[in-house]
Amino acid sequence: MEIRELMEKIIQGMETDGGIKSVVWVAAGGSHDGHWPAQYFMDRESTVVRSQMVTSSEFVYAAPKRVGKNTIVVLTSMRGTRETIDAAKKAKELGAVTVGQYVQESGLTEVCDYNVQYGSIWEDDEDQSRTNAGNALRMAMAIVDIAEGYEHYGYAMEAFTKIQPAYVKAREYCRPLAEKWAAQMKEEDCINVLASGPAYGSGHIFSTCNILEMLQIQSPTFNSCDFFHGPFEITDKNEAFFLLVAEGRTRAADERAITFLKKYAGDKVYILDAKELGINNLKDTVAEYFNHLLFTPVLNNVYMKALSETTGTDYTTRRYMWKAEY
């Protein structure tokens with residue numbers, strides 16, 4: 001069943017009970033950040049359906065009061081983490097309709113009312129518009145269009161067809177740039193990542209899941225819109241910064257950060273602009289919502305892997321030091 005068809009079925013089933021009122025996106029780790037484009041879209045386009053992102057454990061401990069029969073809870077986990085399975089059970093206890101996003105079937109797919117399979121961003125040949133983030137964005141756009149109407153829905157669906165070709169071109173374009181950047185970062189013990197608006201989820205995945213978790217390098221994430229309210233104080237000639245420049249309404253905040261860093265930081269500032277990745281091939285009215293679908297696979301499959309190569313850190317091992325205990 002296609003995502004649009006699934007959302008229509010679920011929402012129609014809610015009509016006798018007052019209709020859909022909220023959607024909650026629940027996941028852990030990088031999957032949680034994968035919900036960012038869906039949340040960002042709904043915050044800016046929906047006036048009827050309330051949307052919220054909650055981490056899996058937080059949902060189990062303190063689920064939002066509004067979750068009930070008028071709520072869709074989307075839960076994402078590649079192979080079914082314990083916390084996300086528990087969150088799915090909690091959502092069902094509260095009466096919500098549950099949709100599981102998965103790569104491999106697990107306890108999550110057994111619990112959820114409906115399930116949607118997605119492709120991992122790790123696979124270059126995978127359609128990057130059909131990853132967890134891509135499918136969640138499709139769900140969000142379908143929900144808004146069905147519940148209240150989204151005037152640019154057609155352009156958005158057209159944009160999804162352009163993501164994979166754009167990614168392939170961006171991947172090849174960025175490889176030599178990433179190798180040069182990685183060579184410069186080889187001895188760094190901290191890489192600061194800045195991003196804003198529609199690109200913030202990509203920035204957080206890059207710093208937390210790629211640089212910190214996989215490569216064991218300290219990497220705080222800062223929102224460009226809030227950079228000048230504390231974080232900018234760390235700036236000096238020796239600090240390393242990686243800045244994502246989003247296409248969309250918060251671009252001015254990214255550009256302000258660039259101006260500041262060019263003046264006060266050193267030569268360890270790297271700038272990756274969504275325009276370099278081909279986002280301008282999408283309609284202006286919807287392009288903003290697709291930053292994540294281009295940035296994230298390029299950062300994961302090109303920049304992270306280049307840094308892994310130069311540092312000699314095997315990103316495939318992921319040092320789960322505390323997994324057995326916690």
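Residues numbered from 1 in each chain as written. Predicted model: local features only at pLDDT ≥ 70, side-chain atom pairs only at ≥ 80, totals over all residues. Heavy atoms only, no water.

### Observations concerning unusual backbone geometry
Here comes step 1: Positive phi, close to 60°, is recorded for Gln216, a residue that is not glycine.
Here comes step 2: The residue Gln216 is located in the loop between α9 (200-214) and β7 (221-223) in this model.
Here comes step 3: Judged by relative accessible area, which is 34%, Gln216 ranks as partly exposed. (Helix = DSSP H or I, 4+ residues; strand = E, 2+ residues; numbered from the N terminus. Buried < 20%, exposed > 50% of the residue type's maximum accessible area, 1.4 Å probe, protein only.)

### A few points about the pattern of salt bridges
Here comes step 1: Taken as a whole, this structure holds 14 salt bridges when the rule is applied.
Here comes step 2: The shortest N-O distance in the salt bridge between Lys268 and Glu188 comes to 2.7 Å. Residue Lys268 is located in the loop between α10 (251-264) and β9 (269-273), and its partner Glu188 is located in the loop between α8 (153-185) and β6 (191-195); the two are separated by 80 residues in the primary sequence.
Here comes step 3: Overall, the relative accessible area of 19% leaves Lys268 in the buried class.
Here comes step 4: What makes Glu188 buried here is its relative accessible area of 15%. (Salt bridge = Lys/Arg side-chain N within 4 Å of Asp/Glu carboxyl O.)

### Remarks on the pairing of β9
Here comes step 1: Inspection of the sheet shows strand β8 (residues 240-245) paired to β9 by five bridges, in the parallel sense. From the neighbouring strand, Phe242 faces β9, where its bridge partner is Tyr270.
Here comes step 2: Each parallel crossover has a hand, and the one from β8 via α10 to β9 is right-handed. (Pairing = 2+ DSSP bridges. Right-handed = clockwise from strand over helix to strand, strands pointing away.)

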